[in-house]
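Each chain is listed here by its residues.
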Amino acid sequence: MSSHGRGHIALVGAGPGDPDLLTLRALARIRAADVILYDDLASGPVLEAARPDAELIAVGKRAGRPSHSQAEVTRQMIDHASAGKRVVRLKSGDPTLFGRADEEIAAARAAGIELEIVPGVTTATAAAAHVQVSLSKRVVARRVQMITGHDVDARLPDLDIAALADPEATTCVFMGKGTFAELVEKLIAHGMAADTPAAVIESLGTPATTVMRGTIAELAARLAAERPSGPCMILYGRALAEPAS
Ligand SMILES: C[S@@+](CC[C@H](N)C(=O)[O-])C[C@H]1O[C@@H](n2cnc3c(N)ncnc32)[C@H](O)[C@@H]1O
């Protein structure tokens, strides 16, 4: 159903997948939406909150599969809002992290459409919660950094390896399962201990969630050998050490 008056766009963080990790504001925007453009990783139970008459449009962009171009997604978002609809652009985790929100913000501004950003629980912190670690840790981890392991051409980006090999930092790697072995090789060459603890959390917020724990060297080898099919959040740094039992 179309709304009256001018359209509206909300970039909404869907969190890691469990509906009870949606914020109340995200839930309100999903319930009010005329149109929801959603990513693969923001599908599933969170969409059940949509009105029965809302138009749900999958605009998935999973690595290695044919996808809608960002330009096409942005065009649809603007077209629906220009037609007076309340549009929710639903993104996994937090919309401001590795989701190309900048391009959608710019397009909404250029079209003169009212825009709101609704933050979500990023998979980085949801993954930390799942394995019960604190990403920051007094004395041990004074810095927390979030990186993408995946460049526009699916390769390891040109990253600041010195910062990533910092033994006093915790690093959260998004989109990094395919390039982690190469990253770890560079980290070790830069002096990072091969036994730095790490965790890989796959398909968080779904019944298929799995966790691998080990050292960066072990998990690099396992990811290369096992090639998990689900989305993976990789966390590494001394804060990931498992408590002595
Ligand atoms: C395009 S980025 C979006 C990140 C998102 N905006 C966030 O804040 O979590 C997609 C990457 O986020 C991570 N991710 C998203 N959903 C996930 C999930 N349910 N389980 C594990 N990792 C996930 C993976 O690293 C995946 O490759």
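Residues numbered from 1 in each chain as written. Predicted model: local features only at pLDDT ≥ 70, side-chain atom pairs only at ≥ 80, totals over all residues. Heavy atoms only, no water.

Enquirer: What am I meant to see in the sheet that holds strand β8 (residues 197–202) here?
Expert: Strand pairing in a sheet takes place through backbone hydrogen bonds and is either antiparallel or parallel in direction. Sheet architecture is open: five strands sit in the order β6-β7-β10-β8-β9, paired in mixed fashion. Only two strands of the sheet have a single partner each, and these edge strands are β6 (143–148) and β9 (210–215). On average, each strand axis in the sheet is tilted by 15° relative to the strand beside it, whichever way the strands run. Pairing of strand β7 (residues 169–174) with strand β10 (residues 232–236) involves three bridges; the strand directions are antiparallel. Within the sheet, the bridge partner assigned to Cys 172 lies in β10 and is Leu 235. With respect to the sheet, helix α4 (residues 123–130) is in contact with β6, β7, β8, β9 and β10, its orientation differing from that of β10 by roughly 70°. Strands in contact with helix α7 (residues 216–226) are β8, β9 and β10; relative to β9, the strand with the most contacts, it is inclined by about 135°. (Pairing = 2+ DSSP bridges. Helix = DSSP H or I, 4+ residues; strand = E, 2+ residues; numbered from the N terminus. Axes fitted to C-alpha atoms, helices over the stretch in contact; angles between N-to-C directions. Contact = heavy atoms within 4.5 Å.)

Enquirer: Could you clarify how one ought to interpret helix α2 (residues 70–82) in this entry?
Expert: An α-helix turns once every 3.6 residues. As a result, residues three or four positions apart point the same way. Under the 1.5 Å per step criterion, the end-to-end length of α2 is 18 Å for 13 residues, consistent within 8% with the ideal 18 Å. Taken residue by residue, α2 has Gln 70, Val 73, Thr 74, Gln 76, Met 77, Ile 78, His 80 and Ala 81 as its buried positions. Immediately downstream of α2, the backbone of Gly 84 shows phi near 90°, a positive value. (Expected span 1.5 Å × (residues − 1). Buried < 20%, exposed > 50% of the residue type's maximum accessible area, 1.4 Å probe, protein only.)

Enquirer: Would you explain the packing of helix α6 (residues 180–189) against α7 in this entry?
Expert: Pairs of packed helices are described in terms of their axes, by the angle between the two and the distance that separates them. Packing of α6 against α7 leaves a shortest axis separation of 8 Å and a crossing angle of 155°. In terms of axis orientation, α6 runs roughly antiparallel to α7. Of the two possible hands of crossing, α6 and α7 adopt the one that is left-handed. Along the contact surface, α6 presents Phe 180, Ala 181, Val 184 and Ile 188, while α7 presents Ile 216, Ala 217, Leu 219, Ala 220, Leu 223 and Ala 224. Of the residues in the contact of α6 with α7, the class split is 10 nonpolar, no polar and no charged. (Parallel < 35°, antiparallel > 145°, perpendicular 65-115°, else oblique. Left-handed = near helix turned anticlockwise from the far one by under 90°. Nonpolar A, V, L, I, M, F, W, Y, C, P; charged D, E, K, R; others polar.)

Enquirer: I tried to follow the pairing of β10 on my own but got confused; where do I start?
Expert: A regular strand places its side chains so that they alternate between the two faces of the sheet. Across the five residues of β10, five count as buried, placing the element largely inside the fold. Burial along β10 is two-sided: Cys 232, Ile 234 and Tyr 236 and Met 233 and Leu 235, pointing in opposite directions, are all buried. Where β8 meets β10, five bridges bridge the pair, whose relative direction is antiparallel. Paired with Ala 199 across the two strands is Leu 235, which belongs to β10.

Enquirer: How should the packing of aromatic side chains be read in this particular structure?
Expert: How two aromatic rings sit relative to each other is given by the distance of their centres and the angle of their planes. Taken as a whole and judged by the stated rule, the model has two aromatic pairs. Here Phe 180 and Tyr 236 contribute two aromatic rings whose centre-to-centre distance is 6.1 Å and whose plane-to-plane angle is 50°, an arrangement assigned as tilted. One end of the pair, Phe 180, is in helix α6; the other, Tyr 236, is in strand β10, with 56 residues separating them in the sequence. In this structure Phe 180 comes out as buried when scored by relative accessible area, which is 1%. (Phe/Tyr/Trp six-rings, centres within 6.5 Å; stacked < 30°, edge-to-face > 60°.)

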